[in-house]
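Observations on the model geometry
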Amino acid sequence: MLGFAQRYDARDVLVDMNLPIHFLMCAPDYFDVDYAINPWMIGNIHHSSRDLAIQQWQCLHQLLSKSANIEMMVPQPDWPDMVFTANAGLVVDKTVVLSRFLHPERQGEEFFYRQWFIDQGYTLHDLPKDLPFEGAGDALLDREGRWLWAGYGFRSELDAHPYLADWLDVEVLSLRLMDERFYHLDTCFCPLINGYLLYYPPAFDAYSNRLISQRIPESKRIVVSEPDAVNFACNAINIENIVILNPISSDLKAKLCTVGFEVVETPLTEFIKAGGAAKCLTLRLTEPIQVKLNPQAAIESQTILLEGHLLDSGLLNRVLDLIVAGGGSFQVLEFDLGEQRQSISTAQVKVSAPSREIMNKIMSQAIALGAIQPPQEICDVTLEAVIQEGVAPKNFYVTTIYPTEVRVNGEWVRVQGQRMDAVIIVSATENNPVATCSLLRDLKVGDHVVVDTAGIRTIRKSTLREQRGTADEFSFMGAGVSSERRVELVVEQIAWELRQIRDRSGKVAVVAGPVVIHTGGGEHLSWLIRQGYVQALLGGNAIAVHDIEQALLGTSLGIDMQQGVSVHGGHRHHMKAINVIRGCGSIANAVEQGVLTTGVMYECIQRKVPFCLAGSIRDDGPLPDTQMDLIEAQQEYKQLIDHADLILMLSSMLHSIGVGNMTPAGVKLVCVDINPAVVTKLSDRGSIESVGVVTDVGLFLSLLIQQLRALDQR
Ligand code: ARG
């Protein structure tokens, strides 16, 4: 049995409740808005009144003195923000972690704070140079001392958090700030006694909000509205049940009163012009600290190695950006810049993230860009067994289109069947490890799935800026979207490529939507099939329906394809077409019986070009050939595109994206659509082999066959 006395021994309860609470303040003798280092200061330079500031500060001081002991710092003429003593450092017991200001505008204050803490006999901790941390402005103890909430994103660095955990012997929970107006944690977050929390949730990212809700039950979370938040309602001082702050809405006041707080409002407008209010103007010197349950920060760190033309290709930037955008932070441990244009650069970067989940997310993206583990840290992949059919272990690695290798028993093994959005399973056949991409639904109990990101690398070609675009004949457009004037040029190159593939008996798969038929491209696609340029056709029910409608009735969705006008009663034509084919039993039968004698589907049957029509919820009919079992259809698609050299995607967002997901890097993709969004989505695979063309697909096909015919004549 653990008695009360044992749990709270003298060492653990550092605050004797009989001793008064202590705060540190600094009079606003030199306070002014002299510069702008936060959005509040912009437009307020020299717009605050010193007299009013002094008056407001004195009111606050007076209020506080009723319930606490106030210690004073001597203000300094050159440091107008020194009134904000919350930023002096973070104090726990007689220990202080001194601030390292991000902005030079405030760095000069550090000297005076340090002196003050030395004079008072504190134990000092200094963070490494260039690791910013702005004290109690960005680190708030739970009011029962159970843990420390620490903010990062604007002024303090995530990498400072493990130091806090270590020096102060406390669990640190990292919260990422997302809204510039709330650049310090204490501007949007205020732990209160009895486990309550006053805060403004939109100031944080989703992960942080989740962490907050895990620690603070809903009944204890007092959510502040935006109007209150911008009045610094969260920048409150809490002493027992008293909450001292800048005036707030009656709503919020009522909320606080209902749960037992006494709200004391005192105007602090002049300080808000500098981006601070009640809490910022004070530093609490007596903080409650409880039993140390988990004295650590959940922060994970990992080192990655980058190699290649890091600056020329923009790779280093991209990796550093994705780390920060993903909620992590980095430290460049080593950077060796190649001297000549052709030389390779290398960089070792330490990545930190507030949790394993976020670390995995960041690392997967970095791996996809070619980041590897440094030699000293290389290890095998982590495998975890499937325990429920069709369900992967929680932290499974999600694949990309890039050729991937995993390290098993000290050897790098190439992953088979590369595609995106799959999991990697590793199996062993007589000491020979095999790694394969598997879909979630295909996972069997006992399969060994790769989890986290250790021991995984992708093979990326490193390109020099000027080499991009000449690496092979297809990269003429780079990875990009061509429109307008460039279309003709692009078509010429695609024609050339198609011709080469046909000449070497390669494989071209075409993914097509019904728009091909509506825009008059049917005859061109038929020609391509007839001439042997197409080895597989993928689409939905609709392309076949409208192609057959045109073959049988001369219309596409009821529009006369010769005249371009709608035919009376034509909107039912496609149903007639479906009915005819259903009567024949299949498209092939219709061809055999002489019912279907022209068009795209007819050519496929005649030329023995395999096709798959994947069904969907909106299909009419469907045609007997349409595969309504979508898992089957995905498998058929996959087989049809296997070993394709080039995939031509013609105006079908649904089927093109489906195909894109199955296709590994290295397969050339040409995506044609009138909607730039579709084209961008598909050609933005980060590989130079994909190309987008924004244009009318009928026009594109007509240009394409013109070019191919021209090649024939040469
Ligand atoms: N002008 C000061 C700055 O931008 C305001 C500091 C407010 N302090 C705080 N703990 N939020 O640094």
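Refer to the preceding data block for the structure.
Reference entry: report on the structure contained in this document. Predicted, not measured: the structure shown is a model, and the values here were computed from it.

**With respect to the overall build of the protein chain**
For the protein chain, the count of helices and strands is 22 helices and 34 strands. For the protein chain, the spread of C-alpha atoms along the principal axes amounts to about 100 × 65 × 60 Å. The buried share among the 714 residues of the protein chain stands at 53%. Summarising the internal contacts of the protein chain: among those between residues at least 6 apart in sequence, 69% fall at separations of at least 24. For the protein chain, the accessible area works out to roughly 31,400 Å², and carbon and sulfur atoms hold 50% of it.

**Describing the sheet that holds strand β10 (residues 197-199)**
Taken together, the 3 strands give an open sheet; going across it, the order is β9-β10-β11, and neighbouring strands pair in mixed fashion. This sheet does not close on itself; its edge strands, each paired only once, are β9 (189-191) and β11 (221-223). The sheet shows a mean angle of 15 degrees between the axes of neighbouring strands, taken without regard to direction. Contacting β9, β10 and β11, helix α6 (residues 206-215) runs over the sheet at an angle of about 160 degrees to β10. On the sheet, helix α8 (residues 250-258) packs against β10 and β11 and is oriented at approximately 170 degrees with respect to β11.

**Notes on the site of the ligand**
Asn-38, Arg-106, Arg-155, His-184 and Asp-186 are the nearest of the 17 residues found near the ligand. One nitrogen or oxygen atom from the side chain of Arg-106 is found 2.7 Å from an oxygen atom belonging to the ligand. The fraction of the free accessible surface of the ligand (350 Å²) that becomes covered by protein chains is 100%. For the ligand, the cavity whose grid points lie within 2 Å of the majority of its atoms is the second largest cavity. Among the residues forming the shell around the ligand, the class breakdown is 7 nonpolar, 6 polar and 4 charged.

**Thoughts on the packing of helix α19 (residues 630-641) against helix α20 (residues 653-662)**
Two elements in contact, α19 and α20, have axes whose closest approach is 10 Å; the angle formed by their N-to-C orientations is 65 degrees. Considering their axes alone, α19 and α20 lie roughly perpendicular with respect to each other. Helix-helix and strand crossings are classified by hand; for α19 and α20 the assignment is right-handed. Within the contact between the two elements, α19 uses Gln-634, Tyr-637, Lys-638 and Ile-641 and α20 uses His-655, Val-659 and Met-662.

**Details of the side chain of Asn-238**
Of note, Asn-238 is situated in strand β12 (residues 237-239). The exposure class of Asn-238 is buried, given its relative accessible area of 6%. Here the side chain of Asn-238 touches Glu-240 through a polar contact of 2.7 Å, landing on its backbone oxygen. Polar contacts involving the side chain of Asn-238 include one to the main-chain carbonyl oxygen of Ile-242, which spans 3.0 Å. Excluding its chain neighbours within four sequence positions, the residues that come into contact with Asn-238 are Arg-143, Pro-191, Leu-192, Ile-193, Val-243, Phe-261 and Arg-284.

**Considering the side chain of Asp-673**
Within the secondary structure, Asp-673 is located in strand β33 (residues 668-673). Buried and without a salt bridge, Asp-673 has Arg-618 as its closest oppositely charged side chain, separated by 12 Å.

**A look at unusual backbone geometry**
Cis geometry marks the peptide bond from Gly-621 to Pro-622; its omega dihedral reads -5 degrees. Mapped onto the fold, Pro-622 is located in the loop between β31 (611-614) and α19. Unusually for a residue other than glycine, Asp-93 sits at a positive phi of about 60 degrees. As for its placement among the helices and strands, Asp-93 is situated in the loop between β3 (89-92) and β4 (95-98). Residue class for Asp-93 comes out partly exposed when judged on its relative accessible area of 38%.

**Points about the packing of aromatic side chains**
Evaluated as defined, the whole model comprises 16 aromatic pairs. Arranged with centres 5.1 Å apart and planes meeting at 90 degrees, the rings of Phe-111 and Phe-112 form a pair that is edge-to-face. An aromatic cluster is defined as three or more aromatic residues linked by ring pairs; in this entry it consists of Trp-147, Trp-149, Phe-189, Tyr-199 and Phe-204. The aromatic ring of Tyr-196 is capped on one face by Lys-220, whose charged end is 4.6 Å from the ring centroid. Lying over the aromatic face of Trp-412, Arg-457 brings its terminal NZ or CZ to 4.0 Å of the ring centre.

**What about the state of the cysteines?**
Tallied over the full model, the rule gives 0 disulfides. Free cysteine: Cys-257, not disulfide-bonded; nearest cysteine sulfur from Cys-190 at 15 Å. Cysteine Cys-671 is unpaired, with the sulfur of Cys-612 as its nearest cysteine sulfur at 19 Å. Note on Cys-671: relative accessible area 3%, which makes it buried.

**Re the sheet that holds strand β5 (residues 123-125)**
Spatial ordering of the open sheet is given by β3-β4-β5, a layout of 3 strands whose pairing is mixed. One side of each edge strand has no neighbouring strand; the edge strands of this open sheet are β3 and β5. Averaged over all adjacent pairs, the angle separating strand axes in this sheet is 20 degrees, with direction ignored. Bridging between β3 and β4 involves 4 bridges; their strand directions are antiparallel.

**Comments concerning the pattern of salt bridges**
Scanning the entire structure with this criterion turns up 24 salt bridges. For Lys-350, the salt bridge identified is with Asp-159, shortest N-O distance 3.9 Å. Within this pair, whereas Lys-350 is found in strand β18 (residues 345-353), its partner Asp-159 is found in the loop between β7 (148-152) and α5 (161-168), the two being separated by 191 residues in sequence. One salt bridge in this structure joins Arg-356 and Asp-452, with 2.9 Å as the shortest N-O distance. Of this pair, Arg-356 sits in helix α11 (residues 356-368) while Asp-452 sits in the loop between β24 (448-451) and β25 (456-458); the two residues are 96 residues apart in sequence, bridging distant segments of the chain. We classify Asp-452 as buried; its relative accessible area is 16%. Residues joined by salt bridges that share partners form a network here, namely Asp-142, Glu-144 and Arg-146.

Rules of the game
Residues numbered from 1 in each chain as written. Predicted model: local features only at pLDDT ≥ 70, side-chain atom pairs only at ≥ 80, totals over all residues. Heavy atoms only, no water. Helix = DSSP H or I, 4+ residues; strand = E, 2+ residues; numbered from the N terminus. Buried < 20%, exposed > 50% of the residue type's maximum accessible area, 1.4 Å probe, protein only. Contact = heavy atoms within 4.5 Å. Areas by Shrake-Rupley, 256 points an atom, 1.4 Å probe, with all protein chains shown as cover. Pairing = 2+ DSSP bridges. Axes fitted to C-alpha atoms, helices over the stretch in contact; angles between N-to-C directions. Near = heavy atom within 4 Å. Polar contact = N/O pair within 3.5 Å; in protein donor to acceptor, adjacent residues only side chain to side chain. 1 Å grid on protein atoms, 1.4 Å probe; cavity = no way out; pocket = protein on both sides within 12 Å on 5 of 7 lines; lining within 4 Å. Sits in = over half its atoms within 2 Å of the grid points. Nonpolar A, V, L, I, M, F, W, Y, C, P; charged D, E, K, R; others polar. Parallel < 35°, antiparallel > 145°, perpendicular 65-115°, else oblique. Left-handed = near helix turned anticlockwise from the far one by under 90°. Lys, Arg positive; Asp, Glu negative; His and termini not counted. Salt bridge = Lys/Arg side-chain N within 4 Å of Asp/Glu carboxyl O. Phe/Tyr/Trp six-rings, centres within 6.5 Å; stacked < 30°, edge-to-face > 60°. Lys NZ or Arg CZ within 6 Å of the ring centre and 35° of its normal. Disulfide = S-S within 2.5 Å.

Geometric values such as these leave the question of function open.
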